[in-house]
Amino acid sequence: MTQWAPRGKSAWILTAGAFTLGLLTVTLAAAMAFPLRWDGLGQLGALALMFPLHLFVITALAVLMTFLARRSRADLAASVFVVVALSSAIMALIPTIAVWRRASNWHVSLSLGTYFANALHANFGSPQADRTVAYGTAGDGTTLLLDVWKTGRVTVGPLHPAVVFVHGGAWIHGTRSMYPDWDQWLNELGYEVFDVEYRMPPPTRWQDEVGDVKSAIGWVAAHAAELHVDPARISVMGNSAGANLAMLAAYTMSDPRLPPSTPVQAVAVRSVIDLYGPADLALLYRTCKSAEFVQAALDAYIGGSPDAFPDRYSVLSPITHVNANTPPTLTILGERDRLVAADHDSLLYQALDEAGVSHDMYSLPGNDHGFDFNWGGFGTQIARAEIEEFLRDN
């Protein structure tokens, strides 16, 4: 006979635990399914989408607690734990199956081994003092720094290609070498990597950030011989705000409205890799569902709203600079991105297409903003495969 009402201390404890775990699971499911604010519960949902198979930990815990509840004849608790186990398993499987199918369509092989080998590893780091060099001095006296990630390959014979990497952080946070796994992986492909630090607010840095990135690119080209770098094969890559700056630097290299921060020559960038970067900043300001977070960041970076500074927002939007001379561009984003909506990439895709620019775009189902935080994640595995092919072809 089913005993729904808890009887005894252990039954009450198990029932309270069941409903607590159930509430947490429901909250997590809502955060995954709906574009909740990035600066609130949305980050919880984003993390779950970055590490979906980790949700099986909840499943395993719920299954264990189900057996304990049944042994204690806490039937209500056992029933709730069963629901939690099933729900968390579904939450883990839906985004995983979706991205696995898409990878199959793109002929990209995914690896469970790679996922679990990185189960406790996140793609996040800090400046590397032993790699740091100055790439110039800005007009305000700031020494501009970057980290040099060398391939370690021979410095005789053919020159090596290079990637200038630009970190994200909503234009107000972050640092060089924040994503060391990308730097190391690009080294393994044979690319010398230069991970850039750029100035951030305060004060307002609407010209300085992209100016610093341009200066870093110019420094690499100017020192190409000693770095054993081919100046004709310098690509730029970034994620989030860093992708916006990477595109902007490459697309506006000779634009006097966005000058480099130091006296360097303009460089013809070979290609651009855009990981979930916004292409239209006014659109981002006005439509992002995490309005308070995004608007505060853009106000600090640009100086105010699009209504107050329409010209600044226009010149800082890569989409306004696309033309026939724009370098080949690869864009990768998560379909569940709660900061940079798919509208940005659709508009960028259309602009590049109309300009006749070589470009590729991959939209990852079940992936959110910052999916590459999970270095072993399926979205990141797809990104690595597509980036490797893109760099090989451009």
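Residues numbered from 1 in each chain as written. Predicted model: local features only at pLDDT ≥ 70, side-chain atom pairs only at ≥ 80, totals over all residues. Heavy atoms only, no water.

(A) Inspection of the overall build of the chain at higher detail. On a plain count of helices and strands, the chain comes out with 14 helices and eight strands. The globule rule puts the C-alpha radius of gyration for 394 residues at 21 Å, and the 24 Å found for the chain is close to it. A principal-axis box enclosing the C-alpha atoms of the chain has dimensions of 80 × 50 × 40 Å. Put simply, the chain has 394 residues, and 55% of those count as buried. Sequence-distant contacts in the chain: of pairs separated by 6 or more residues, those separated by 24 or more amount to 77%. Accessible area of the chain: about 16900 Å², with a carbon and sulfur share of 58%. Across the chain, the 25 positively charged side chains and the 36 negatively charged ones have centroids separated by 11 Å. (Helix = DSSP H or I, 4+ residues; strand = E, 2+ residues; numbered from the N terminus. Rg over C-alpha atoms; globule rule 2.2 N^0.38 Å. Buried < 20%, exposed > 50% of the residue type's maximum accessible area, 1.4 Å probe, protein only. Contact = heavy atoms within 4.5 Å. Areas by Shrake-Rupley, 256 points an atom, 1.4 Å probe, with all protein chains shown as cover. Lys, Arg positive; Asp, Glu negative; His and termini not counted. Charge placed at Lys NZ, Arg CZ, Asp CG, Glu CD.)

(B) Examining the pairing of strand S5 (residues 229-239) more closely. Within S5, eight of the eleven residues are buried, which leaves it mostly tucked inside the rest of the structure. As judged from the six bridges shared by strand S3 (residues 160-166) and S5, these two strands associate in the parallel manner. From the neighbouring strand, alanine 162 faces S5, where its bridge partner is isoleucine 234. Where S5 meets strand S6 (residues 272-275), four bridges bridge the pair, whose relative direction is parallel. Within S6, the residue paired with valine 236 across the bridge is valine 272. (Pairing = 2+ DSSP bridges.)

(C) Spotlight on the nonpolar core. Core analysis: the largest hydrophobic core is formed by 96 residues, its most contacted members being Trp182, Phe194, Ile217, Leu298 and Ile387. Take this core: its biggest share by element is eight residues, from helix H9 (residues 241-251). For phenylalanine 194, the contacting residues outside a window of four places in its chain are Leu146, Asp147, Val148, Ala162, Val163, Val164, Phe165, Trp219, Val220, Leu227 and Val229. With 14 residues, the next largest nonpolar core counts Ala18, Ala69, Phe81 and Ala85 among its residues. (Core = buried A, V, L, I, M, F, W, Y, C linked by side-chain atoms within 4.5 Å.)

(D) Layout of the environment of alanine 89. Its place among the elements puts alanine 89 in helix H4 (residues 75-105). Residue class for alanine 89 comes out buried when judged on its relative accessible area of 16%. Those residues in contact with alanine 89 that sit more than four places away from it in its chain are Phe56 and Thr59.

(E) Structural detail: the pattern of salt bridges. Tallied over the entire structure, the rule returns 13 salt bridges. Across the pair aspartate 208 and arginine 205 runs a salt bridge whose closest N-O atoms are separated by 2.9 Å. Looking at arginine 205, the relative accessible area reads 10%, which means it is buried. Of the charged contacts in the structure, one is a salt bridge between aspartate 368 and arginine 338, with a shortest N-O distance of 2.6 Å. Of this pair, aspartate 368 sits in the loop between strand S8 (359-364) and helix H14 (378-393) while arginine 338 sits in the loop between strand S7 (329-334) and helix H13 (342-355), placing them 30 residues apart in sequence. Taken as a pair, aspartate 368 and arginine 338 share a single burial class, namely buried. Via salt bridges that share partners, Asp140, Arg199, Arg205, Asp208 and Asp212 belong to a single interconnected network. (Salt bridge = Lys/Arg side-chain N within 4 Å of Asp/Glu carboxyl O.)

(F) Main features of the packing of aromatic side chains. What the rule picks out here adds up to 13 aromatic pairs. Between tyrosine 115 and phenylalanine 116, the ring centres sit 5.4 Å apart and the planes meet at 75 degrees, which makes this aromatic pair edge-to-face. Given the relative accessible area of 1%, tyrosine 115 is considered buried. Over the ring of tryptophan 149 we find arginine 131; its NZ or CZ atom is 3.6 Å from the centre of that ring. (Phe/Tyr/Trp six-rings, centres within 6.5 Å; stacked < 30°, edge-to-face > 60°. Lys NZ or Arg CZ within 6 Å of the ring centre and 35° of its normal.)

(G) Spotlight on a nonpolar patch on the surface. Taken together, the side chains of Phe34, Leu36, Leu41 and Leu44 present a nonpolar region at the surface, about 360 Å² in accessible area. Relative to the helices and strands, leucine 36 is located in the loop between helix H1 (9-33) and helix H2 (42-50). Residue classification places leucine 36 among the partly exposed positions, given a relative accessible area of 30%. (Patch = residues over 30% accessible without salt bridge, like charges linked within 9 Å, V, L, I, M, F, W, Y side chains within 5 Å.)

(H) Focus on the packing of helix H7 (residues 208-222) against H9. Between H7 and H9, the least distance of the axes is 9 Å, while the angle of their chain directions is 65 degrees. Between H7 and H9 lies a crossing whose hand is right-handed. On H9, the residues that touch Glu209, Val210, Val213, Lys214 and Ile217 of H7 are Leu245, Leu248 and Ala249. Tallied by class, the residues present in the contact of H7 with H9 amount to six nonpolar, no polar and two charged. (Axes fitted to C-alpha atoms, helices over the stretch in contact; angles between N-to-C directions. Left-handed = near helix turned anticlockwise from the far one by under 90°. Nonpolar A, V, L, I, M, F, W, Y, C, P; charged D, E, K, R; others polar.)

(I) Region of the structure containing the layout of surface pockets. Within this model, the largest pocket holds a volume of roughly 590 Å³. Elements represented by at least two residues in the lining of the largest pocket include exactly H2 and helix H11 (291-302). Taken together, the residues that form the lining of the largest pocket break down as 20 nonpolar, nine polar and one charged. Counted as a void, the second largest pocket has a volume near 260 Å³. (1 Å grid on protein atoms, 1.4 Å probe; cavity = no way out; pocket = protein on both sides within 12 Å on 5 of 7 lines; lining within 4 Å. Points joined across faces, edges and corners; volume = space filled by probe spheres on them.)

(J) Structural detail: the sheet that holds S5. Strand order in this open sheet of eight strands is S1-S2-S4-S3-S5-S6-S7-S8, and the pairing throughout is mixed. The open sheet has two edge strands with one neighbour each: strand S1 (132-137) and S8. Strand-to-strand twist of the sheet, defined as the mean angle between neighbouring strand axes without regard to direction, takes the value 20 degrees. Sheet analysis places S1 next to strand S2 (residues 143-149), joined by five bridges and oriented antiparallel.

Read these as layout, nothing more, since geometry by itself doesn't imply function.
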